Each structure stands twice: as structure tokens, then as C-alpha cells.
Amino acid sequence: MMVWMIILLIVAVAAYVLLIVPTRWLRIEHVRYPEAKLGIRILQISDIHVERTRITPNKLKQVIDTLRPDYICVTGDFTEKLAYIPKVKRFAEALASSGIPVYAVLGNHDYRLKHNLPKLVNLLTSSGIRVLVNESVLVEGRFRFVGIDDYCTRRSRIGAAFQEVEPNMPTVILTHDPNVALVIRLPFTYLMAGHLHGMQFNIPPLFRFVNKGGLVGAGITKGLHHTRYGAFYISKGIGQSGINARFLVRSEVTLHEL
């Protein structure tokens, strides 16, 4: 009996270290892309999934207060359940309380709110977060944030998102599903996305059985990459979908120096 108890204890500890610790141990990724020539620092936060995150609003506020970026961008997936809207509010207030401009787009899980989606958008807006839905906003007269809506739910309207972009104006695209980068046929300076969670369970042989679009099929699940039209970055996010665990993939926020 004692031997079995020891074995069970070892298994439990190993499971915690391998599957739970990566969801608590937040990594701050630093990405430099001087080719953008914008001289700005953007903190990207993605895939909060407030139902299944072990990163707290206070932790994010500490990161923001330490890094003091010029802008904060949230690339989708706040929540999929109406009951968690109050928790989203705590995160939104933590992000906006810094006084740093915050921009966001929606993700596929947000759209599971269906007729309750306006409650999420109104909450974010009232907290001081600008939500971009297939539209752009001119920033300091120097560049535009372009918000392309979620691709995997077929809500991306690339033409509409770029409609007000001036010729030769630098553009930083915010979107949720990075697969949209494969169909953009307009030049862009930089694109930030999430959605893939670094595949959450980083076991590459299993990727072939997961239908997550052309990027995953090509083995691209995280990090900085390029198309002929511009550079794009895929964040591993801070929350989980499905099982509240990760394997060989830590939670991430990303500081982009552009």
C-alpha cells in the first residue's frame, strides 16, 4: 500500500509540474522588429479565456507597470460564457487602469456568446478599451491599428478593415486567428495574432490530427514569421481552451519593439 501511495504521489507531482505549472509561470517574450521603423513598444496579451486562466489581473497589471509599453493590444478570446463577464471586467479594468491606450479584437470563443456579445463589447468599451471590428484607427497621425475580425468564424473583412488606410501608411494589424495572414493581399507592417496557444500541448506529431488551418499544417504555431506582404507574430496566450493545462508551452505576454 505504501509503495502505491508513493507512486501516486510522484505521478501527482509530475502532473502538476508538467501540466499546471506552465499555466501559472508567465513568460514575457521580447520581440524586436526594427524593420517596422515605428519606434513604439506594444504589449500583446492574447487568449485570456477567463474561464481557464491562472494568470490574475493583478499579475498583468504588475507586468504593465514594470514594462510601461506605449500601447496594449489584446488579440481576442476574452470569454465564451455570460457568467464570466464580471471576471472579464476585472481584467479589463486592470489593463485600462495604467492609462496606456488599449486596443482589442474579438476571437472565436467570444462569438460563442451569440446574442450576449454586445454585453462583452460594451463592457470593454466602457472600461476604456477600443474594440476594432474590421476597421482601423489612426494613431498619433503616424500609423494605423487595423483590426481584422476573426478568420476561423468567417468574420474577417479585410477590405473593410483597410478601407480608411492612407497610401503608404504603416499598419499594425490586430487579429485573432493568424491564418488570415495567408489570405491578406495588401502590404502591412506587422500583424499580431493568437488563437493557437502554441498548440497548448506541444506534441508536434499530434498536430496533423488537429484542424487549425494552413499554418498549423505547415508546422507554424507560434513566434515570428513572414509572408510576402508583411511580418506576423503568433502569441501562445495566457489562458487555455478545453483542458485547463499546458504541456511544454508556457503562458505568454509579448513585448513587441517595432
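Note: the structure precedes this text.
Residues numbered from 1 in each chain as written. Predicted model: local features only at pLDDT ≥ 70, side-chain atom pairs only at ≥ 80, totals over all residues. Heavy atoms only, no water.

Colleague: Could you give an account of the side chain of R246, naming the residues involved and the relevant values?
Modeller: Here R246 is to be found in the loop between β11 (230-234) and β12 (252-257). In terms of polar contacts, R246 uses its side chain to reach the backbone carbonyl oxygen of K236, at 2.9 Å. (Helix = DSSP H or I, 4+ residues; strand = E, 2+ residues; numbered from the N terminus. Polar contact = N/O pair within 3.5 Å; in protein donor to acceptor, adjacent residues only side chain to side chain.)

Colleague: Please set out the pairing of strand β4 (residues 102-105) residue by residue, giving values where relevant.
Modeller: Burial of the side chains of β4 extends over both faces: V102 and A104 are buried on one face and Y103 and V105 on the other. Looking at chain direction, strand β3 (residues 71-75) and β4 are connected through 4 bridges and run parallel. Bridged to T75 within β4 is V105. Read from β3 through helix α3 (residues 85-96) to β4, the crossover connection turns out right-handed. Across 3 bridges, the pairing between β4 and strand β5 (residues 129-131) is parallel. Within β5, the position partnered with A104 by the bridge is V131. (Buried < 20%, exposed > 50% of the residue type's maximum accessible area, 1.4 Å probe, protein only. Pairing = 2+ DSSP bridges. Right-handed = clockwise from strand over helix to strand, strands pointing away.)

Colleague: Please give an account of the packing of aromatic side chains that cites residues and values.
Modeller: A full pass over the atoms with the stated rule returns 5 aromatic pairs. Between Y33 and Y190, the aromatic rings sit 5.4 Å apart at their centres with planes inclined by 35°, giving tilted as the arrangement. Within this pair, whereas Y33 is found in the loop between β1 (27-32) and β2 (41-45), its partner Y190 is found in strand β9 (residues 190-193), the two being separated by 157 residues in sequence. You can call Y190 buried: its relative accessible area is 0%. Aromatic side chains Y71 and F145 sit 5.6 Å apart centroid to centroid with 80° between the ring planes, which places their arrangement in the edge-to-face category. Of this pair, Y71 sits in strand β3 while F145 sits in strand β7 (residues 143-147), and the two are 74 residues apart along the sequence. On the accessibility criterion, Y71 (4% relative accessible area) is buried. Among the aromatic residues, those joined into a ring-pair cluster are Y71, Y103, F143 and F145. The ring of Y111 has R155 sitting right over it, with the charged end atom 3.8 Å from the ring centre. Positioned over the ring face of W25 is R250, at 3.7 Å from the centre of the ring. (Phe/Tyr/Trp six-rings, centres within 6.5 Å; stacked < 30°, edge-to-face > 60°. Lys NZ or Arg CZ within 6 Å of the ring centre and 35° of its normal.)

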